[in-house]
Each structure stands twice: as C-alpha cells, then as structure tokens.
Amino acid sequence: MGKISKNMKITILIVAIAFFVFAWLYLVNTNVYLETMTWPYNDPYYPRAFGINLLVLGIFLIISFFRNEWNQAKIIIEIVLVWSSLILMANLIEISVLSLPLGVIVTTWNNTIFLLVLIVVTFYFYLKELNQ
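As the structure is a prediction and not an experimental result, all values here were calculated from the model. (Residues numbered from 1 in each chain as written. Predicted model: local features only at pLDDT ≥ 70, side-chain atom pairs only at ≥ 80, totals over all residues. Heavy atoms only, no water.)

**Q** Would you explain the overall build of the protein chain in this entry?
**A** On a plain count of helices and strands, the protein chain comes out with five helices and zero strands. Considered along the principal axes of its C-alpha atoms, the protein chain spans approximately 50 × 25 × 15 Å. For the protein chain, the share of sequence-separated contacts (at least 6 apart) that also reach a separation of at least 24 residues comes to 79%. Per element, the accessible surface of the protein chain, about 7,800 Å² overall, is 70% carbon and sulfur. Between the centroid of the 7 positive side chains of the protein chain and the centroid of its 6 negative side chains there is a distance of 15 Å. (Helix = DSSP H or I, 4+ residues; strand = E, 2+ residues; numbered from the N terminus. Contact = heavy atoms within 4.5 Å. Areas by Shrake-Rupley, 256 points an atom, 1.4 Å probe, with all protein chains shown as cover. Lys, Arg positive; Asp, Glu negative; His and termini not counted. Charge placed at Lys NZ, Arg CZ, Asp CG, Glu CD.)

Okay, structure coming up:
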C-alpha cells in the first residue's frame, strides 16, 4: 500500500477541520447559527443530524490522515467527494426552489462556494494521487 502524498494529507486535514467547524455549528451552536441566518423552519432534528454527518466524515478523514495509507484513505475521500457533491446540489436546489430569507440565501451561497472550493481541491489532489 502506498503512502498519502503531502498535498493530499494537507487537503485531508483542511477538509476535516472545515467539517469539524461546521459540525460544531450544527451540533453545539445550533440555535445561534440558525437564528443568525434567520432560518425559517423549526426542526430540532435535521441540523443536528447534518452536524453528526459532518462529524463522522471529519473523524474518518482524521483516521485516514494518521493511517497514511492511500488505499484506505481513497475510500473515505471518495465518500467525502460524493457526499459533498450531493450537498452542493441540495444547496443549489434549496436556493432555487425554496422561498427563503436573505440571511439564509447569503449563508447558503457562502457555504456552497466554500464547499465547491473544497470539492475542487480535493478532487484535484485525488486525481493526482490516482495517477502516481
């Protein structure tokens, strides 16, 4: 099994940290985060379930970071790329279909752009890693 390249390890670490930050927002600071963006729906479960998703993905990214084995890390990176791409599509549908307050639209666009950058960078280094 090959080792993970330095660039891929840095990418894994950055994505994991981003996931942990958003997991904290959705799990620990839920009400403040949703009130700040004026989220119009009162659902006590969804934000926390989303936060748990982020936490689990972040934990497995950190595990792959420390194991430093490309064949093992590849699977979690593929899961993260698919999950992130689906969330990206869901964000775009949310903005297009739902009638939302300006705060939610701005926050969703910011999150979408940030997520798109993470996806592109991760996919770029993923492809480089595959071609080595």
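**Q** Mind showing me how you'd approach the packing of helix H4 (residues 70-97) against helix H5 (residues 102-130) here?
**A** Each pair of packed helices can be described by the angle between their axes along with the distance between the axes. Interhelical geometry of H4 versus H5 gives an angle of 150° and a closest axis separation of 9 Å. As judged from the angle between their axes, H4 and H5 are roughly antiparallel. Seen from above, H4 lies across H5 with left-handed handedness. (Axes fitted to C-alpha atoms, helices over the stretch in contact; angles between N-to-C directions. Parallel < 35°, antiparallel > 145°, perpendicular 65-115°, else oblique. Left-handed = near helix turned anticlockwise from the far one by under 90°.)

**Q** Whenever I open this one, the pattern of salt bridges confuses me. Can you help?
**A** Any two side chains of opposite charge can pair, so long as their charged atoms come close to each other. For the coordinates displayed, the defined rule picks out one salt bridge. Residue Glu69 pairs with Lys3 through a salt bridge whose shortest N-O separation is 2.9 Å. Of this pair, Glu69 sits in the loop between helix H3 (46-67) and H4 while Lys3 sits in the segment before helix H1 (6-27), and the two are 66 residues apart along the sequence. (Salt bridge = Lys/Arg side-chain N within 4 Å of Asp/Glu carboxyl O.)

**Q** How should the environment of Leu34 be read in this particular structure?
**A** You can see Leu34 is positioned in helix H2 (residues 30-36). Taking the relative accessible area as the measure of exposure, Leu34 reaches 16% and is therefore buried. C-alpha of Leu34 to C-alpha of Pro47: the two residues are 13 residues apart in sequence and 8.7 Å apart in space. (Buried < 20%, exposed > 50% of the residue type's maximum accessible area, 1.4 Å probe, protein only.)

**Q** How do you make sense of unusual backbone geometry when you look at a structure like this?
**A** Trans is the common state for peptide bonds, and a negative phi is the common state for residues other than glycine. A positive phi angle, near 60°, is found at Thr38, a position not held by glycine. As for its placement among the helices and strands, Thr38 is situated in the loop between H2 and H3. For Asn68, which is not a glycine, the phi torsion comes out positive at approximately 60°. Looking at the secondary structure, you find Asn68 in the loop between H3 and H4.

**Q** Is there a simple way to explain a nonpolar patch on the surface in this structure?
**A** On the surface, a nonpolar cluster with roughly 470 Å² of combined accessible area is contributed by Ile52, Leu55, Val56, Ile59, Phe60 and Ile63. Along the chain, Ile59 turns up in helix H3. According to the relative accessible area criterion, Ile59 is partly exposed, its value standing at 38%. (Patch = residues over 30% accessible without salt bridge, like charges linked within 9 Å, V, L, I, M, F, W, Y side chains within 5 Å.)

**Q** Would you explain the nonpolar core in this entry?
**A** It is characteristic of soluble globular proteins that their nonpolar side chains tend to be buried jointly. Formed by 35 residues in total, the largest nonpolar core has its most connected members in Phe19, Leu54, Leu61 and Ile77. Taken together, the elements giving at least two residues each to this core come down to H1, H2, H3, H4 and H5. In terms of residue count, H1 provides more of this core than any other element does, 10 residues in total. The contact partners of Leu61, leaving out residues within four places of it in the chain, are Ile12, Val15, Ala16, Phe19, Ile76 and Val80. (Core = buried A, V, L, I, M, F, W, Y, C linked by side-chain atoms within 4.5 Å.)

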